[in-house]
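# Results of the structural survey
Single-letter residue listing:
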Amino acid sequence: MSKKVNRVPYKLNAQEDRLTTNVIEYIIRGTDAIIGSGGRSILAKILKGSKDKKLFERNLDKEPVYGVLSKFTIAEITGKIDWAILHDYIQIESLLSQTLKNSSIAVSLKLYL
């Protein structure tokens, strides 16, 4: 018998008509760094070059794509990530984590090539 999995609802908001190949590659490269351990907001912060303490604690500021989309807002970057999800470049897997404090939501992105 398989374990029951609680899915967490999310809403994608792709604001772009099309992304450049470079931006898609940045998103995929950033996704690779956080598979199973982070979600869209962490990925957006990496691409933005955020000074968030969580990024530094996990050494995500050392990723090659850290700050490559710094000219965009977090909302714009999240829209680009959502576009990549909706166009099957990456896949989102959301689970309600039982191991995280206060039943936090753990969202992980997976490469979908």
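Below is a short write-up of the structure.

Cut-offs used in this document
Going along each chain's sequence as written, the residues are numbered from 1 onward. With pLDDT at 70 or above as the cut-off, local features in this predicted model cover only qualifying residues; side-chain atom pairs require 80 or more to be listed or tallied, and sums for whole chains, interfaces and linings still use all residues. For side-chain calculations, the full set of non-hydrogen atoms in the structure is used, while hydrogens and water are omitted. Numbering of helices and strands runs from the N terminus, with a helix taken as a DSSP run of H or I at least four residues long and a strand as a DSSP run of E at least two residues long. For every residue, the accessible area obtained with a 1.4 Å probe (protein chains only) is divided by the maximum for its type, and the residue is called buried under 20%, exposed over 50%, and partly exposed between those limits. The contact criterion used throughout is that any non-hydrogen atoms of two residues lie within 4.5 Å. The Shrake-Rupley method, run with a 1.4 Å probe sphere, supplies the accessible areas, and residue values consider only the shown protein chains as cover. Take the buried Ala, Val, Leu, Ile, Met, Phe, Trp, Tyr and Cys residues and link them wherever side-chain atoms come within 4.5 Å; each set so joined is a nonpolar core. N or O atoms closer than or at 3.5 Å make up a polar contact, with two conditions inside protein: a donor-capable atom paired with an acceptor-capable one, and, for residues adjacent in sequence, both atoms drawn from side chains. What a helix should span is 1.5 Å times the count of its residues minus one. This arc is taken over the directions from the axis of the helix to the C-beta atoms.

Within the protein chain one finds four helices and two strands. The buried share among the 113 residues of the protein chain stands at 36%. Long-range contacts, defined here as pairs at least 24 residues apart, represent 57% of the contacts in the protein chain between residues at least 6 apart. For the protein chain, the exposed surface amounts to about 7,400 Å²; the carbon and sulfur share of it is 49%.

Even without a glycine there, the phi angle at N59 is positive, about 60°. If you trace the backbone, N59 turns up in the loop between α3 (53-57) and α4 (74-86). At D88, a position not held by glycine, the phi torsion is positive, near 65°. Assignment of secondary structure puts D88 in the loop between α4 and β1 (90-96).

The next point concerns the nonpolar core. Counting 24 residues, the largest nonpolar core has I27, I46, L47, I77, I81 and I90 as its most contacted members. The set of elements that each furnish at least two residues to this core consists of α1 (21-34), α2 (40-48), α4 and β1. Sequence-distant contacts of I27, defined by excluding residues within four places in its chain, comprise L19, L43, L47, K80, I81, A84 and I90.

A separate point is the side chain of T31. Topologically, T31 is positioned in helix α1. Here T31 falls in the buried class, since its relative accessible area comes to 0%. Within polar-contact distance, the side chain of T31 engages the backbone oxygen of I27 at 2.7 Å.

When the terminal C-alpha atoms of α1 are compared, their 21 Å separation across 14 residues agrees well with the 20 Å that a helix rising 1.5 Å per residue should span. Looking only at α1, the buried set comprises V23, I24, I27, I28, G30, T31 and I34. Projected down its long axis, α1 carries its buried residues within an arc of 165°, all on one side. Residue G36 follows α1 closely and has a positive phi angle near 80°.

Here we take up α4. Relative to the 18 Å expected for 13 residues at 1.5 Å per residue, α4 spans 18 Å between its end C-alpha atoms, a close match to the ideal helical length. Backbone geometry just downstream of α4 places D88 in the positive-phi region, at approximately 65°.

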